[in-house]
Amino acid sequence: MKFFLIIFVLIFSVSCKNSGGSTYAMEKRYSNFINILPEDVSDDFTLNSKNYSNEYKEWQEELYEWIDITIENEKIAENEVKERLKPTQIDYAIDTLTAREYERALPYTLITNVRVHTDMLSINIKELEKESIFSNNFYNLKEDEAIVHFTTDDAVFYYVWNYLIGIDRPRRFQ
């Protein structure tokens, strides 16, 4: 019995400790991306970049503001459903599910601004890809992320959007 209790406590403590496991894994994957870049290029991909820090912080703030507004709008819509329908009605389930709007009301202007920026950053990455060592390392990272089919432009956007700008977003927005 003591053995099972010890195992349970260990598993429980590890699971509690890993509540940020998803963020930790994301930070690790982003760090792996940064680490394959030459120092002069890697600075352009950090939140405290000499060249782009202001833009990154502004975009990050805009993303989190959009997330907060989206969550608030969803709560309002769900409360409206709760006021007019009973949980036993099929319409209740449908309406509460369709109240989730984060996949329909995307911040297109923000996404476009980030994409234009990352397309510009991709030029340096495309140059680096001409070197076989970098190309192999980048391919391995893309393989690890399951984004091997992404173009260089898509992969650079993916890393900047998901890991640089949106690293701390709620899990359902990942």
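Now for a description of the structure that goes with this document. (Residues numbered from 1 in each chain as written. Predicted model: local features only at pLDDT ≥ 70, side-chain atom pairs only at ≥ 80, totals over all residues. Heavy atoms only, no water.)

**Some remarks on the pattern of salt bridges**
Note the following rule: Salt bridge, as used here, is a side-chain nitrogen of Lys or Arg placed within 4 Å of a carboxyl oxygen of Asp or Glu. Strands are runs of DSSP state E lasting at least 2 residues, helices are runs of H or I lasting at least 4, and numbering of each runs from the N terminus.
Counted according to the given criterion, the structure contains six salt bridges. Of the charged contacts, one joins arginine 115 and aspartate 154 as a salt bridge, the two residues approaching to 2.9 Å between their closest N and O atoms. Of this pair, arginine 115 sits in helix 6 (residues 108-128) while aspartate 154 sits in helix 8 (residues 152-165), and the two are 39 residues apart along the sequence. Three or more residues joined by partner-sharing salt bridges are found here, namely Arg115, Asp119 and Asp154.

**Some thoughts on the nonpolar core**
Let me state the cut-off plainly: Throughout, nonpolar core names a set of buried Ala, Val, Leu, Ile, Met, Phe, Trp, Tyr and Cys residues whose side chains join them through atoms within 4.5 Å. Type-normalised accessible area, obtained with a 1.4 Å probe on protein chains alone, sets the label of each residue: buried when under 20%, exposed when over 50%, and partly exposed for intermediate values.
Ranked by internal contacts, the top residues of the largest apolar core, which has 33 residues, are Phe33, Leu37, Phe45, Ile125 and Tyr159. Put simply, the parts of the chain that give this core at least two residues each are helix 2 (21-36), helix 4 (53-84), helix 6, helix 7 (132-145) and helix 8. Among the elements that take part in this core, helix 8 stands out by supplying 10 residues, more than any other.

**Details of unusual backbone geometry**
Although it is not a glycine, alanine 146 sits at a positive phi angle of roughly 60 degrees. Along the chain, the position of alanine 146 falls in the loop between helix 7 and helix 8. Among the residues examined, alanine 146 registers a relative accessible area of 57% and is labelled exposed.

**Structural notes on helix 8**
The line we're drawing: For a helix, the expected span equals 1.5 Å multiplied by the number of residues minus one.
For helix 8, spanning 14 residues, the distance from its first C-alpha to its last is 18 Å, which sits close to the expected 20 Å at 1.5 Å a residue. Counting buried residues along helix 8, 13 of its 14 residues qualify, which places the element largely inside the surrounding structure.

**What about a negative patch on the surface?**
In plain terms, the rule: Patch membership requires more than 30% relative accessible area and the absence of a salt bridge. Residues of like charge join within 9 Å; the nonpolar side chains Val, Leu, Ile, Met, Phe, Trp and Tyr join within 5 Å. Only the protein chains shown count as cover for residues, and the accessible areas themselves come from Shrake-Rupley with a 1.4 Å probe. For the purpose of counting charges, residues Lys and Arg are taken to be positive, whereas Asp and Glu are taken to be negative. His and the chain ends are not included. Think of each charge as sitting on NZ of Lys, CZ of Arg, CG of Asp or CD of Glu.
Side chains of Glu55, Glu58, Glu61, Glu62, Glu65 and Asp68 sit close together on the surface and give a patch of like negative charge. Looking at where glutamate 62 falls in the secondary structure, it is placed in helix 4. The class for glutamate 62 is partly exposed, based on a relative accessible area of 33%.

**Some details on the packing of aromatic side chains**
The condition is simple: Pairing of aromatic rings covers Phe, Tyr and the six-membered ring of Trp, with a centre-to-centre limit of 6.5 Å; geometry is then stacked below 30 degrees between planes, edge-to-face above 60, and tilted otherwise.
Within this structure, the stated rule accounts for 14 aromatic pairs. When the centroid spacing of 5.6 Å and the interplanar angle of 80 degrees are considered together, the rings of tyrosine 158 and tyrosine 163 count as edge-to-face. Assessed through its relative accessible area of 17%, tyrosine 158 is described here as buried. Measuring from centroid to centroid gives 5.6 Å for tyrosine 159 and tyrosine 163, while their planes differ by 55 degrees, and the two rings are tilted. With tyrosine 159 and tyrosine 163 both in helix 8 and four residues apart, the pair spans about one turn of that helix. Exposure class is identical for tyrosine 159 and tyrosine 163. Each is buried. Put simply, the rings of Tyr30, Phe33, Phe45, Phe134, Phe138, Phe150, Tyr158, Tyr159 and Tyr163 touch in pairs and so form one group of aromatic residues.

**A few points about the packing of helix 4 against helix 5 (residues 90-98)**
Inclusion rule: For every element, the axis is a line fit to its C-alpha atoms; helices are fit only across the contacting stretch, and the angle between N-to-C directions ranges from 0 to 180 degrees. Any angle from 65 to 115 degrees is called roughly perpendicular, while one under 35 is roughly parallel, one over 145 is roughly antiparallel, and all others are oblique. Residue contacts are counted whenever heavy atoms from the two residues lie within 4.5 Å of one another. Gly is placed with the polar residues, together with every amino acid not listed as nonpolar (Ala, Val, Leu, Ile, Met, Phe, Trp, Tyr, Cys and Pro) or charged (Asp, Glu, Lys and Arg).
Where helix 4 contacts helix 5, the two axes come as close as 9 Å, and the packing angle between them is 170 degrees. Here helix 4 is positioned roughly antiparallel relative to helix 5, judged by the angle of their axes. Across from Glu78, Val81, Lys82 and Arg84 in helix 4, the residues of helix 5 making contact are Tyr92, Asp95 and Thr96. Split into classes, the residues belonging to the contact of helix 4 with helix 5 amount to two nonpolar, one polar and four charged.

Just geometry here; none of it tells us what the structure is for.
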